[in-house]
Structures are given as C-alpha cells and as structure tokens.
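Residues per chain, in single letters:
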Amino acid sequence: LVCNAGISMRALFEDVDLDVFEKLMEINFYGAIYATKFALPHLLESQGTIIAISSINGWRSTPARSAYSSSKFAMQGFFESLRTEVMTRGVHVLVVCPGFTSSNIRNAALTADGTVQGESPRNEKKMMTSDEVAERTYKAALKKKRDLILTRDGKLAVLLNKIIPSRLDKMVYKMMKKEADSPLK
C-alpha cells in the first residue's frame with residue numbers, strides 16, 4: 001500500500017479558512033487512515049508493506065503551512081503507532097519524508113480562502129524530482145527501512161530541529177519569507 005495522496009496550502013493560520021485546514025487533514029491524513037484501515041487485513045495476511053509519503057514538514061514545520069505540517073505530523077504519529085502494532089506480524093511500514101520535490105503540489109496548493117495558488121513560489125528546477133523520490137523509496141522499501149529522510153537540506157533540518165530548535169525557527173522563517181509573494185510579514 002502506498003499512501004501518497006496530498007495537497008498543500010500557503011497562508012498564515014490567522015488568515016486561513018478552517019475549511020481549508022479540514023480539507024488538508026481529510027486528504028493528507030484521513031486519506032491515509034482510510035486506505036490503511038481497509039487494506040490492513042490483506043496486508044496482515046500477505047505480510048505486505050505500507051509506504052506512507054509524509055514530508056520533512058512532518059519533522060519540522062514551516063510557517064504559512066500550518067495545515068500541511070499538521071497533517072504530516074499526524075501521519076508520522078499514526079504510522080509510528082501502527083508500525084509498532086504490526087511489527088511482530090510481518091507488516092513492514094516505511095515513512096518517507098521528501099524535502100522540496102519538483103511536482104505540481106505547490107501549483108495546486110490552496111490559499112487562505114481555499115482557492116488554488118496556481119504558481120509555485122519556489123525554483124522547481126533546483127529540487128529533487130518525483131522520479132528520484134520514487135526510486136529512493138523503492139530501494140528503501142526493498143531494504144525494509146523504517147524511515148527515509150530525503151535531501152541534504154531535509155536531513156539537516158531534522159537534525160538541527162533536535163539540537164537548536166529556537167535558532168532553526170529563525171532560519172526557517174527567513175528562508176520562507178524570501179519566497180515569491182510570501183504571506184509572512
């Protein structure tokens with residue numbers, strides 16, 4: 001089972017319509033929950049694999065993406081719990097955390113009122129491709145890895161968030177404020 005459905009958003013929490021927040025949770029988190037719930041009997045019987053595509057935002061949130069980050073933190077918590085529940089029953093659970101990946105997710109990201117952003121605020125050419133993520137995910141699944149954190153920046157963000165979280169808050173804010181049309185003030 002590959003849980004890869006996801007949408008993003010870009011707005012300050014104070015400005016976001018709560019329907020947008022709920023929509024992200026429904027797709028990103030509950031989509032994975034429902035798929036897993038209904039596939040689990042077969043996965044237990046076949047001793048299959050669950051691959052959950054989360055995000056670096058599941059380890060380290062970014063401003064103006066509160067709903068996206070929340071949905072990814074929730075995914076990671078759920079799949080960590082499930083992994084522990086099924087670990088003695090032969091089901092493998094891999095949580096994949098890509099960093100910025102060149103895809104349509106930023107173009108289709110929702111704004112504060114739920115309209116589609118329409119254009120990526122980032123340079124997509126400097127990002128890992130979806131094909132690279134898929135290839136590394138496939139290799140990690142074959143090796144029965146527990147977690148896969150992708151990109152040098154992603155690994156660095158996870159590490160720095162553990163050792164200097166307050167300083168990383170400022171660094172992340174500065175980086176995200178530089179995005180085109182950033183909602184950060």
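For this particular structure, what's the right way to read the packing of helix 1 (residues 18-46) against helix 2 (residues 66-86)?
The relative placement of two packed helices comes down to the angle between their axes together with the axis-to-axis distance. Running from N to C, helix 1 and helix 2 cross one another at 15°; their axes reach a closest spacing of 8 Å. Regarding the angle of helix 1 to helix 2, the classification is roughly parallel. When the axes of helix 1 and helix 2 are compared, the crossing they make is right-handed. For the pair helix 1 and helix 2, the contacting residues are Phe21, Leu24, Met25, Asn28, Phe29, Ala32, Ile33, Thr36, Leu40 and Leu44 in the first and Ser66, Ala67, Tyr68, Ser70, Ser71, Lys72, Ala74, Met75, Phe78, Phe79, Leu82 and Val86 in the second.

Would you take a moment to explain the sheet that holds strand 2 (residues 49-53) for this structure?
Strand pairing in a sheet relies on backbone hydrogen bonds. The paired strands run either parallel or antiparallel. With parallel pairing, four strands are arranged side by side in an open sheet as 1-2-3-6. Only two strands of the sheet have a single partner each, and these edge strands are strand 1 (2-3) and strand 6 (147-149). With three bridges joining them, strand 3 (residues 92-97) and strand 6 adopt parallel strand pairing. Within strand 6, the residue paired with Val96 across the bridge is Leu148. Packed onto the sheet, helix 2 meets strand 1, strand 2, strand 3 and strand 6 and runs at close to 160° relative to strand 3.

Which parts of the structure should I look at to understand the packing of helix 4 (residues 152-163) against helix 5 (residues 165-177)?
Two elements in contact, helix 4 and helix 5, have axes whose closest approach is 6 Å; the angle formed by their N-to-C orientations is 135°. Relative to helix 5, the element helix 4 lies oblique. Here helix 4 contributes Ala157, Leu160, Asn161, Lys162 and Ile163 to the contact with helix 5, which in turn contributes Pro165, Leu168 and Met171. Its residues assigned to classes, the contact of helix 4 with helix 5 shows six nonpolar, one polar and one charged.

Rules of the game
- Residues numbered from 1 in each chain as written.
- Predicted model: local features only at pLDDT ≥ 70, side-chain atom pairs only at ≥ 80, totals over all residues.
- Heavy atoms only, no water.
- Axes fitted to C-alpha atoms, helices over the stretch in contact; angles between N-to-C directions.
- Helix = DSSP H or I, 4+ residues; strand = E, 2+ residues; numbered from the N terminus.
- Parallel < 35°, antiparallel > 145°, perpendicular 65-115°, else oblique.
- Left-handed = near helix turned anticlockwise from the far one by under 90°.
- Contact = heavy atoms within 4.5 Å.
- Pairing = 2+ DSSP bridges.
- Nonpolar A, V, L, I, M, F, W, Y, C, P; charged D, E, K, R; others polar.

Shape descriptors only; they carry no functional weight alone.
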